[in-house]
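Reading the structure
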Amino acid sequence: MKTLNIPQLPLPSSRLIYGCMRINGDNSPADIAKGKRAIEAAIDEGYNHFDHADIYGNGACESIFGDVIKSQPHLRNKLLITSKAGIRFANTPVTGEVGRYDFSHDYLITQVEGSLKRLNIDALDMFLLHRPDYLFNAEEVAHTLNELKQQGKVKHFGVSNFSPSQVELLQSKMDDALLVNQVEINIHNISAFENGTLDQCQQYGITPMAWCPIATVVYEAWGNTFNQDDVERIHLEYQRQADFYGCEKWVVALAWLLIHPANICPIVGSTNPERIAMAKQALALNYRHEDWYRLLEARNGHPVP
């Protein structure tokens, strides 16, 4: 497993991040056992950075991971554990409440404390604000994050799904540097290449983490706008490249992100140990600049201007 030095973190991070959103499955004993095996498989393959959120499985995913840590406490100091908060589902905690984003002081403190309890750890290596609260007061949020650090509950901070201007705003009030911005990046959603997100990451040394990196290749992208002709054209190019590089199409999709100089870290969310291992093939591909643009052309349906 290749690693990346994310400034200030105590360990180099595996270049591929293991995403824990699906490790609870349907919450059956069989799926929970499968999720634990997936965590252990990821660790065996050299993944040491695990991504969580308070809402994944309504907390069940963190609890499953916490059971692994409880049963193998020696693992804690070998892992980087990240979690997120800030999304509130509708009807919680009171029926009739609207779904919303919430960066209020008490809510964030409570959610971090809940994550720590479920994960069976004393502190998060990183805590990310999950989606921007349109009403967030940057100075108040910075105060809350500083308090979490002073209390020893969080070591470092980042954001998720933030625009460059939102990153700039929050960073202007923070004592600590924001270390990551976790955003959707895949062949369908290329906004990070165009809206300044990846430029900002390079400029300030922020590490971009890509969620849903293989959308369109293995599953339909969120808010899919591709028609059938688009999909067929894109898959034809993916297959050509998969044949050329001797791998699966979705491995090419990971390589397409890894080549970027901002050091994108794709989040791998499979619970299949074989696929968890296979994802590492993308790190070894000598992926070509021209093939990056071949896929972009296939995506757009026309050459670059």
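Residues numbered from 1 in each chain as written. Predicted model: local features only at pLDDT ≥ 70, side-chain atom pairs only at ≥ 80, totals over all residues. Heavy atoms only, no water.

**Details of the sheet that holds strand E12 (residues 265–268)**
Taking strand neighbours around the barrel as the criterion, the 8 strands line up as E3-E4-E5-E8-E9-E10-E11-E12 in a closed arrangement whose pairing is parallel. Averaged over all pairs of adjacent strands, the angle between their axes in this sheet comes to 30°, without regard to strand direction. For strand E3 (residues 17–19) and strand E4 (residues 49–51), the ladder comprises 2 bridges, and the chain directions are parallel. Each bridged residue has a counterpart across the sheet, and for Gly-19 the counterpart in E4 is Asp-51. (Pairing = 2+ DSSP bridges. Helix = DSSP H or I, 4+ residues; strand = E, 2+ residues; numbered from the N terminus. Axes fitted to C-alpha atoms, helices over the stretch in contact; angles between N-to-C directions.)

**Here's the deal with the packing of helix H4 (residues 138–150) against helix H5 (residues 164–173)**
Relative to each other, H4 and H5 sit at 60°, their axes nearing to 8 Å. One finds that H4 runs oblique with respect to H5. H4 and H5 meet at a crossing whose hand is right-handed. Contacts between H4 and H5 involve Ala-138, Glu-139, Val-141 and Ala-142 from the first element and Leu-169, Leu-170 and Lys-173 from the second. Split into classes, the residues belonging to the contact of H4 with H5 amount to 5 nonpolar, no polar and 2 charged. (Parallel < 35°, antiparallel > 145°, perpendicular 65-115°, else oblique. Left-handed = near helix turned anticlockwise from the far one by under 90°. Contact = heavy atoms within 4.5 Å. Nonpolar A, V, L, I, M, F, W, Y, C, P; charged D, E, K, R; others polar.)

**Section: the pattern of salt bridges**
Taken as a whole, this structure holds 16 salt bridges when the rule is applied. Between Arg-118 and Glu-62 there is a salt bridge; the shortest N-O distance is 2.8 Å. With Arg-118 in helix H3 (residues 105–119) and Glu-62 in helix H2 (residues 60–71), this residue pair connects regions lying 56 residues apart in the sequence. Here Asp-291 and Arg-288 are joined by a salt bridge, their closest N and O atoms 3.0 Å apart. Take Arg-288: its relative accessible area is 29%, and that puts it in the partly exposed class. Each of Glu-237, Arg-240, Arg-288, Glu-290, Asp-291 and Arg-294 takes part in one network of salt bridges that share partners. (Salt bridge = Lys/Arg side-chain N within 4 Å of Asp/Glu carboxyl O. Buried < 20%, exposed > 50% of the residue type's maximum accessible area, 1.4 Å probe, protein only.)

**A look at the nonpolar core**
Membership of the largest hydrophobic core comes to 85 residues, with the highest contact counts inside it found for Phe-127 and Leu-129. Among the elements that take part in this core, helix H9 (residues 249–258) stands out by supplying 9 residues, more than any other. Those residues within four positions of Leu-129 in sequence are excluded, and the remaining contacts are Ala-85, Phe-103, Leu-108, Val-141, Leu-145, Gly-158, Val-159, Ser-160, Phe-162 and Leu-170. If you look at the next biggest cluster of nonpolar residues, it comprises 16 residues, including Ile-17, Met-209, Cys-265 and Ile-267. (Core = buried A, V, L, I, M, F, W, Y, C linked by side-chain atoms within 4.5 Å.)

**Focus: the pairing of strand E8 (residues 124–129)**
Most of E8 sits inside the fold, with 6 of its 6 residues counted as buried. Strand direction decides the pairing type here: strand E5 (residues 80–85) and E8, joined by 4 bridges, are parallel. Paired with Ala-85 across the two strands is Leu-129, which belongs to E8. Strand direction decides the pairing type here: E8 and strand E9 (residues 154–160), joined by 5 bridges, are parallel. Bridge assignment links Met-126 to a residue of E9, and that residue is His-156.

**A closer look at the packing of H2 against H3**
Two elements in contact, H2 and H3, have axes separated by 7 Å at closest approach and are oriented at 45°. Between H2 and H3, the angle is such that the two are oblique. Between H2, through Glu-62, Ser-63, Phe-65, Gly-66 and Ile-69, and H3, the contact on the second element is made entirely by Ser-115, Arg-118 and Leu-119.

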